[in-house]
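Structural overview
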Amino acid sequence: MGTRRSHSPFAIEILRSVSHSLGRFLAIAAIVAIGCGFFAGLRMTGTGMRKSADIYYDGTELYDLQLISTLGITDSTVEKVAATPGITAVMPSRSVDVMAALGDMQIAARITSFETQSAEEATSDGVRVFSDDDGYLNRLILRTGRWPEKADECVVLEERVAHLGPADSVQVLYGATDLDDVLEVRDFEIVGTVSSSYYVQSTSLSTTTLGSGMLEQAVYVPEEAFDPDAPYTELFMRVGDATPEVSATEPYQEKVDEVEETLEVSLDSFADERRAEVREEAQATLDENRADFERERADALRELDDAKAELDDAYSELESGEAEYRSGLATYQQGQREMAQAEQQISAGERELQESRAQLQSAEAELAK
C-alpha cells in the first residue's frame, strides 16, 4: 500500500493564487529582483566610490589634519607640530580671501600659495601626482597651460572655469582684511588650470565673508606673491598610520583622531607662544615708534630752542638798535635845537651888524658936514 504526501492548506492556497494570477506574480517577482539588484548595486557603488576617492586622495597626498590660526603660524610652530608623534609630513601655506575681477566678473576668490618648484618637478597620470618631495601635500594636477614662473602668474581651478568662463587675468580689488602686509602682487596673469583634491565639490568650494558668502574660484600663486614676513595661515599634516586606511571609514578616522588628540594637548601652548610672539612684535613696534617719536620730539624741541635763541638774539639786537635809534634821535634833536639857537644868534648878529653899519653910515654923514 503506497503513501501519499499531503500539502498544507496554506501551500495549496499559495499555489492556487500563483496559478490563477501568474502574470501578477511574475511582475512582483521581477520588481523584487530589480529592487534587490539596485540595492546591491548601490551598496557596491558606495564602496567603489569610496575606494576611487581614496585612490585620488592618496595619489594627490590630500592632508589628514589641518591647523588654522587667526594669529598666524610661525616656523617654530611648524617644527613643533612636525615633531608630534604620528605626523609624518607637514606643509605650511598662506591664503587670503579677496574680491577679484576675473574677466568681466567680480567674484570672491581664495588666493593660496604653493611650492611651484615641487609642482614642476612632479609628474602626473591625471589621477595621481608623483613627487620626490615627501612634504608636498595637496598636490595639484595640471590640466591645461603651464605652472607659474613669476610672482605675478597663477593657475586656477579647471572645474570652476566651466561655471565662470575663461579669463586671462585675476585683479585683486580688496580683501576681508588689510592686504598691505599680506600680498605683494595684486594683478595676476592666468597661465594654466588645475584640479585639486582639496576642493572635491566644484559647485561649492567654501564659505567666505566676502561677496555672496561663497567662494567662486581658487587661485594658486607662487610663494613670492606673498609678503615673506607674513605668517602662515594654515598648516596641513599627514598622519602616517592613516594612509593605508580607506578615507572616511572608521579605521581611518580612529587613526586621525588619535593623532589629533595628541596634537590638541600642545595646541594651547602653541597658541600661548604665538600670542606672546604677537605681543612681543607689537611691543617692539610700539617701542620703535615711541623711540622714533621721542627722537623726532627731541629734534623738534631742539629746533624750537634754536629758533627761540635766534629770536632772543634778534630781539636783543632789536632792543639795542632801538636804544641806539633813540640815542641818535636825541642827539639829532639836540643838534636841531643847537642849530636853531645858532641860527637865532646869527640872525641877532646880522641885525647887530646892520645896526652897526647904519650907525657908521650916520657917523660918516655927520663928519662929512
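Our subject is the structure that appears above.
These notes cover the structure that comes with them. Just so you know, these numbers come straight off a predicted model, no measurement behind them.

Before going further, it helps to examine the sheet that holds strand E12 (residues 232-239). Taken together, three strands build an open sheet; the order of strands is E1-E12-E2 and the sheet is antiparallel. The open sheet has two edge strands with one neighbour each: strand E1 (65-73) and strand E2 (87-93). Sheet twist, expressed as the mean angle between neighbouring strand axes with direction ignored, is 20°. Of the strands in this sheet, E1, E2 and E12 are in contact with helix H3 (residues 75-82), which crosses E2 at around 160°.

Compared with an ideal rise of 1.5 Å per residue, which puts 119 residues at 177 Å, helix H6 (residues 250-368) spans 167 Å between its outermost C-alpha atoms and is within 8% of the ideal. The axis of H6 is deflected most strongly, by about 35°, at Ser266. For H6, the set of buried residues is Tyr252, Val256, Val259, Leu263, Phe270 and Arg274. Looking at the buried side of H6, the elements it contacts are E1, H3, E2 and E12.

Further remarks concern the side chain of Asn138. Structurally, Asn138 can be placed in the loop between strand E6 (129-130) and strand E7 (140-145). Since its relative accessible area comes to 9%, Asn138 is described here as buried. When sequence neighbours within four positions are dropped, the list of residues in contact with Asn138 reads Thr60, Glu61, Leu62, Tyr63, Met91, Tyr198 and Phe236.

Turning our eyes to something else, we now look at the packing of H3 against H6. The contact between H3 and H6 brings their axes to 11 Å, and the two run at 165°. Taken together, the axis directions place H3 and H6 in an arrangement best described as roughly antiparallel. Note that H3 runs across H6; the crossing there is right-handed. The residues of H6 that touch H3, namely those facing Thr77, Lys80 and Val81, are Leu263, Phe270 and Glu273.

Turning next to the nonpolar core. Counting 24 residues, the largest nonpolar core has Phe114, Leu140, Leu157, Val194 and Tyr220 as the members making the most contacts within it. Where this core is concerned, the elements lending two or more residues are helix H2 (22-59), E2, E7, strand E8 (153-157), strand E10 (187-196) and strand E11 (217-222). Counting residues in hydrophobic clusters, the runner-up holds 21 residues, among them Ala109, Val172, Phe188 and Ile190.

What follows deals with the environment of Glu317. If you trace the backbone, Glu317 turns up in helix H6. In this structure the C-alpha to C-alpha distance between Glu317 and Ala29, which are 288 residues apart in sequence, comes to 124 Å.

Taken together, the side chains of Glu115, Glu120, Glu121, Asp132, Asp133, Glu223 and Glu224 make up a negatively charged region of the molecular surface. Inspection of the secondary structure puts Asp132 in the loop between E6 and E7.

Right, let's get into the pattern of salt bridges. Inspection of every chain in the model, using the stated rule, returns 11 salt bridges. Two residues, Arg238 and Glu61, come together in a salt bridge whose shortest N-O distance is 3.0 Å. With a gap of 177 residues between them, Arg238 in strand E12 and Glu61 in the loop between H2 and E1 connect regions that are remote in the sequence. Between Asp134 and Arg238 there is a salt bridge, with its nearest N and O atoms 3.2 Å apart. Taken together, the residues Asp134 in the loop between E6 and E7 and Arg238 in strand E12 connect sequence positions 104 residues apart. Taken together, the shared-partner salt bridges in this structure form one network comprising Glu61, Asp134 and Arg238.

Among the surface-exposed residues, Leu22, Phe25 and Leu26 lie close enough to one another that they form a single nonpolar patch of about 290 Å² accessible area. Assignment of secondary structure puts Phe25 in helix H2.

Among the eight residues of E12, seven are classified as buried, and the element is accordingly described as predominantly covered. Bridge count between E1 and E12: five bridges; the pairing is antiparallel. Bridging from a neighbouring strand, Leu65 pairs with Met237 of E12. When E2 meets E12, the two strands line up antiparallel, connected through six bridges. The partner of Ala89 across the bridge, within E12, is Arg238.

What follows covers the packing of aromatic side chains. Throughout the structure, instances matching the rule amount to seven aromatic pairs. Taking 6.3 Å as the distance between ring centres and 35° as the angle between the ring planes, the aromatic pair formed by Tyr56 and Tyr57 counts as tilted. Tyr57 shares its class with Tyr56; the two are buried. With 4.8 Å between their ring centres and 85° between their planes, Tyr198 and Tyr199 make a pair best called edge-to-face. On the accessibility criterion, Tyr198 (23% relative accessible area) is partly exposed.

Definitions and cut-offs
Residues numbered from 1 in each chain as written. Predicted model: local features only at pLDDT ≥ 70, side-chain atom pairs only at ≥ 80, totals over all residues. Heavy atoms only, no water. Pairing = 2+ DSSP bridges. Helix = DSSP H or I, 4+ residues; strand = E, 2+ residues; numbered from the N terminus. Axes fitted to C-alpha atoms, helices over the stretch in contact; angles between N-to-C directions. Contact = heavy atoms within 4.5 Å. Expected span 1.5 Å × (residues − 1). Bend = angle between axes of the 7 residues up to and from the residue. Buried < 20%, exposed > 50% of the residue type's maximum accessible area, 1.4 Å probe, protein only. Parallel < 35°, antiparallel > 145°, perpendicular 65-115°, else oblique. Left-handed = near helix turned anticlockwise from the far one by under 90°. Core = buried A, V, L, I, M, F, W, Y, C linked by side-chain atoms within 4.5 Å. Patch = residues over 30% accessible without salt bridge, like charges linked within 9 Å, V, L, I, M, F, W, Y side chains within 5 Å. Areas by Shrake-Rupley, 256 points an atom, 1.4 Å probe, with all protein chains shown as cover. Salt bridge = Lys/Arg side-chain N within 4 Å of Asp/Glu carboxyl O. Lys, Arg positive; Asp, Glu negative; His and termini not counted. Charge placed at Lys NZ, Arg CZ, Asp CG, Glu CD. Phe/Tyr/Trp six-rings, centres within 6.5 Å; stacked < 30°, edge-to-face > 60°.

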